[in-house]
Amino acid sequence: MSEQGSGGHADTVDVVRDIEYAQTDSGPLALDLYRPAGAEAAVTVLYLHGGGWAVGDRTAHAQERLVPIAQRGVAVASASYRFTDVARYPSQLHDAKGAVRWLRAHGSELGLATERIGAWGASAGGYLALMLGLTAGIAELEGEVGGNAEHDSSVQAVCDWFAPVDLAAARTRGSEFPLPAFASGPPPDPSYPARLLGLRRIEDDLEAARAASPVHLVQGARGGAGSYLIVHGDHDGLVPDEQSRAMHDALRSRGIDSSLILLGGANHEGPEFDRPAVLSAVAGFFLDAL
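Worth saying up front: this structure is predicted, and the values here are computed from it rather than measured. (Residues numbered from 1 in each chain as written. Predicted model: local features only at pLDDT ≥ 70, side-chain atom pairs only at ≥ 80, totals over all residues. Heavy atoms only, no water.)

1. Concerning the pairing of strand β3 (residues 27-36)
Stage number 1. Taking burial as the measure, the 10 residues of β3 include nine buried ones, the bulk of the element.
Stage number 2. In the sheet, strand β2 (residues 13-24) pairs with β3 via nine bridges, with the strands oriented antiparallel. Of the residues in β3, the one forming a bridge with Ala22 is Leu29.
Stage number 3. Between the end of β2 and the start of β3, which pair antiparallel, lie two residues.
Stage number 4. Bridge count for β3 against strand β5 (residues 74-79) is four bridges, and the pairing is antiparallel. Within β5, the position partnered with Asp32 by the bridge is Ser78. (Buried < 20%, exposed > 50% of the residue type's maximum accessible area, 1.4 Å probe, protein only. Helix = DSSP H or I, 4+ residues; strand = E, 2+ residues; numbered from the N terminus. Pairing = 2+ DSSP bridges.)

The structure is reproduced here in structure tokens:
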């Protein structure tokens, strides 16, 4: 199937949907592939959607986000992962690593270049993208999802959109900025980070929360991604932009290449993120890094 999306580009995109990459105890996991039409060795990125690790869909924002990136020359594999109602951390990271291994195992037959792979995600998916970039070579976080154990699960470049990076400090900004419309109403109880870790409250195990937080993993990262692009709205009422600032500073303090873009007036998952200039920056980042 070929599709043409927004963004002012005339290139068509080949879309292959519902590709099963793993079977789990709670059912199959699949990905959708958005590939520049006619590409034989396209730069490849794994995309992970948001939703607090509890809801969401790999097809979310496809026309306004994933198709335009593919039009700009980057193949995007948007993958599902298990939610917290059926699995706790690190299962979601195991799923993401399984998807990367699957792409390396099957990329050549799909017209993908997979020696170097990027990871991109929004919110909870951005968290998983960062974790992919920071946990290369950590055996206990590898998992066995999808098999393909002979293939590497590391990624070489990461783009994170407005991710929570310090689970021990997860909070909203209260009244400073409004919550995005989709998050209106009383806050979830337990919180999304607590559910991810299988806790009643984050305060019940701050050590586990820090151990599962990207910003606290930077110092010990070895052999992971070498380039990061972090994008956050400066009016985010759900995940404070201080989290992305801290992540950027932590990476830079280790001498790791990191760029931070703050979008003026943008709330969490605001429409500003899908503007052509932002999508061009994302595509350009991956084309350069990979």
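2. Considerations on helix α7 (residues 241-253)
Stage number 1. For α7, built from 13 residues, the straight-helix expectation of 18 Å at 1.5 Å per residue is met to within 8% by its first-to-last C-alpha distance of 18 Å.
Stage number 2. What α7 keeps buried is the set Asp241, Gln243, Ser244, Met247, His248, Ala250 and Leu251.
Stage number 3. Where α7 is buried, its residues meet α3 (124-134), β7 (157-161), α6 (214-217), β8 (227-233) and β9 (257-263). (Expected span 1.5 Å × (residues − 1). Contact = heavy atoms within 4.5 Å.)

3. Here's the deal with the environment of Ala246
Stage number 1. Position of Ala246 relative to the elements: it lies in helix α7.
Stage number 2. For the pair Ala246 and Asp166, spaced 80 residues apart in sequence, the C-alpha separation works out to 9.0 Å.

4. Observations regarding the pattern of salt bridges
Stage number 1. Scanning the entire structure with this criterion turns up nine salt bridges.
Stage number 2. Residue Glu269 pairs with Arg65 through a salt bridge whose shortest N-O separation is 2.8 Å. Of this pair, Glu269 sits in the loop between β9 and α8 (276-289) while Arg65 is found in helix α1 (residues 62-71), placing the two residues 204 residues apart along the sequence. Taken as a pair, Glu269 and Arg65 share a single burial class, namely buried.
Stage number 3. Notably, a salt bridge pairs Asp204 with Arg201, separated by 3.2 Å at the nearest N-O pair. (Salt bridge = Lys/Arg side-chain N within 4 Å of Asp/Glu carboxyl O.)

5. Some remarks on the packing of α1 against α8
Stage number 1. Packing of α1 against α8 leaves a shortest axis separation of 10 Å and a crossing angle of 45 degrees. Classified by the angle their axes make, α1 and α8 are oblique. Read as a crossing pair, α1 and α8 show a hand that is right-handed. Here Glu64, Arg65, Pro68 and Ile69 of α1 come into contact with α8, specifically with Leu279, Val282 and Ala283.
Stage number 2. Residues that form the contact of α1 with α8 fall into these classes: five nonpolar, no polar and two charged. (Axes fitted to C-alpha atoms, helices over the stretch in contact; angles between N-to-C directions. Parallel < 35°, antiparallel > 145°, perpendicular 65-115°, else oblique. Left-handed = near helix turned anticlockwise from the far one by under 90°. Nonpolar A, V, L, I, M, F, W, Y, C, P; charged D, E, K, R; others polar.)

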